[in-house]
Structure formats: structure tokens, C-alpha cells
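# Tertiary structure, described
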Amino acid sequence: MKIYTKTGDGGTTGLLYGGRVPKDSVQVELNGAVDEAQAHVGVVRAHASGELAEICRELELDLWILMAEVATQTGKRDHLIPGKTLVTESMVAHLEELIDQFSARFAPPKEFVVPGEEVAAAFLDVSRTVVRRAERCSLGFVREAPDSFVQVYLNRLSDLLWTLARWSEGDSLTARQAKHA
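Residues numbered from 1 in each chain as written. Predicted model: local features only at pLDDT ≥ 70, side-chain atom pairs only at ≥ 80, totals over all residues. Heavy atoms only, no water.

## Some words on the overall build of the chain
Quick reminder of the rule: Helix and strand definitions here come from DSSP, where helices need a minimum of 4 consecutive H or I residues and strands a minimum of 2 consecutive E residues; each element is numbered from the N-terminal end. In what follows, a contact means two residues having at least one pair of non-hydrogen atoms within 4.5 Å. Only four residue types enter the charge count: Lys and Arg as positive, Asp and Glu as negative, with His and the chain ends excluded. Throughout, a charge is located at the NZ atom of Lys, the CZ atom of Arg, the CG atom of Asp or the CD atom of Glu.
Scanning the chain from terminus to terminus reveals 6 helices and 2 strands. Across the chain, helices and strands are ordered from the amino to the carboxyl terminus as β-β-α-α-α-α-α-α. Taken along its principal axes, the extent of the C-alpha atoms in the chain is 55 × 35 × 30 Å. By sequence separation, contacts in the chain at least 24 residues apart represent 71% of the contacts at least 6 residues apart. The average position of the 20 basic charges and that of the 26 acidic charges among the side chains of the chain differ by 5 Å.

Structure, rendered in C-alpha cells:
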């Protein structure tokens, strides 16, 4: 089997459960940003071990679920399976549990942080910024699918990535500290 199909040469891409959309559609733009975020989370996982690596693997799998939902036409959402191809409220709740669990392990900085004190934390911050872009892209999608948890999931995911970055680096370098160093 060849990697290229040539079906996208006309500027469209296929969707899950059928249908095609322009490659510059809201769905494709959103999935591109999520795909990029997932790749960045994979970089974190490659630099991490133990608990952080396992959480990153879980997040990568969750992002496949999110991308499946986004890649489905509004009229075919009834084909989606909660937790398999559809983001659920319990997936959002799990992110909140992780945020609470890790937030309890460190004193959060009270000022803006300068990323880069530790490799995994720096990559977590990059992942967070890409997830924030994906969240902005998701607004058009959720207008068409108002029952979707995609935007809420992405919002909590960016919060979790920030939390994990601060936990991972230990002592965060604040903007004020960096300025006076």
C-alpha cells in the first residue's frame, strides 16, 4: 500500500464516516492544530519517564478520540461512540482530577513564568501553546456541534499541560527573576 492516494490533490480531504471537505475548512484546521499538539506531547513523552510519560501517552490517545470527533460531519455524529470517537464529559473530568492531583504537589508561581528551566517542562509549555491555538480553532467547530466537549477538553488540557510543566520544573523562573538575573 502506498502512502499517497492522490485523493487530496484537488484540495479536499476525506472525513470519518464519509464526506469530503476543503483542506482549509474549520475541521481540517482544527485537526491540524490538534495533530501538532499531539506530536508535541509525544516529544514530552520521549523526554520523560514514569508518571509523566504515562500521562502523556494517555493524552495522546485522548487526542485521537478528539480528532475522530472533529473529522465527522455534523449529520453523522450519531455514528460516534463516547470515549472511542467522541469526547465525553468524563474525559474532561479526568483532566480536572489530574490538574488537582498535580497542583497539590507544588506551590504555583504567583507571577508569569519564563519557560525553559527543564527540557520536559519546556516541551510541555510548547504543547500548551499549540493546544491553546487548537482551542481557538475549535470555536467554529463547536458552533456547528454545540453538544460537543471538544473546546472544553482543549481548555482543560492546556491547563493540565501548564500544571505539569510547573510541577516538572520544580522551581519556576519568574519574569521578575529573569529580568534581575
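Structure's up, so let's keep going.
## A closer look at helix H5 (residues 150–169)
Formally: Given a helix with a known number of residues, its expected span is that number minus one, times 1.5 Å. Buried residues are those whose accessible area, probed at 1.4 Å on protein chains only, stays under 20% of the maximum for their type, while exposed residues exceed 50% and partly exposed ones sit between those limits.
Look at H5: 28 Å from first C-alpha to last across 20 residues, which is about the 28 Å you get at 1.5 Å a residue. Considered for burial, the residues of H5 that qualify are Val-150, Tyr-153, Leu-154, Leu-157, Ser-158, Leu-160, Leu-161, Thr-163, Leu-164, Ala-165, Arg-166 and Glu-169. Buried positions along H5 lie against helix H1 (26–47), helix H2 (50–70), helix H3 (89–103) and helix H4 (119–144). Phi for Gly-170, located one or two positions after H5, is positive at around 80 degrees.

## Remarks on the side chain of Ser-138
Inspection of the secondary structure puts Ser-138 in helix H4. Once residues lying within four places of it in the same chain are set aside, the contact partners of Ser-138 are Leu-30, Val-150, Gln-151 and Leu-154.

## Digging into the nonpolar core
Let me state the cut-off plainly: In these notes, a set of buried Ala, Val, Leu, Ile, Met, Phe, Trp, Tyr and Cys residues joined through side-chain atoms within 4.5 Å is what counts as a nonpolar core.
Formed by 41 residues in total, the largest nonpolar core has its most connected members in Leu-59 and Tyr-153. Elements with a contribution of two residues or more to this core: H1, H2, H3, H4 and H5. By residue number, the principal contributor to this core is H2, which donates 10 residues.

## Side note on the environment of Thr-129
Note on placement: Thr-129 falls in helix H4. Taking the relative accessible area as the measure of exposure, Thr-129 reaches 40% and is therefore partly exposed.

## A short note on the packing of H4 against H5
For any two helices packed against each other, one specifies the inter-axial angle together with the distance between the axes. Rules: Axis lines are fitted through C-alpha atoms, for helices just across the contact stretch, and the angle between N-to-C directions can take any value from 0 to 180 degrees. Here the word oblique covers every angle except those under 35 degrees (roughly parallel), over 145 (roughly antiparallel) and from 65 to 115 (roughly perpendicular).
Orientation of H4 relative to H5, taken along the N-to-C sense of each, is 170 degrees, at an axis distance of 8 Å. Between H4 and H5, the crossing angle belongs to the class labelled roughly antiparallel.

## Overview of the pattern of salt bridges
As a reminder of what qualifies: Whenever Lys or Arg places a side-chain nitrogen within 4 Å of a carboxyl oxygen from Asp or Glu, that contact is recorded as a salt bridge.
For the structure on display, the rule yields 12 salt bridges. Measuring nitrogen to oxygen at the nearest pair gives 2.6 Å for the salt bridge that ties Arg-57 to Glu-54. Of the two residues, Arg-57 and Glu-54 are both situated in helix H2; the distance of 3 residues between them amounts to about one turn of the helix. According to the relative accessible area criterion, Glu-54 is partly exposed, its value standing at 34%. Here Arg-132 and Asp-159 are joined by a salt bridge, their closest N and O atoms 3.3 Å apart. In this pair, Arg-132 is assigned in helix H4 and Asp-159 in helix H5, connecting sequence segments 27 residues apart. Residue Arg-132 is classed as partly exposed on the basis of its relative accessible area of 28%.

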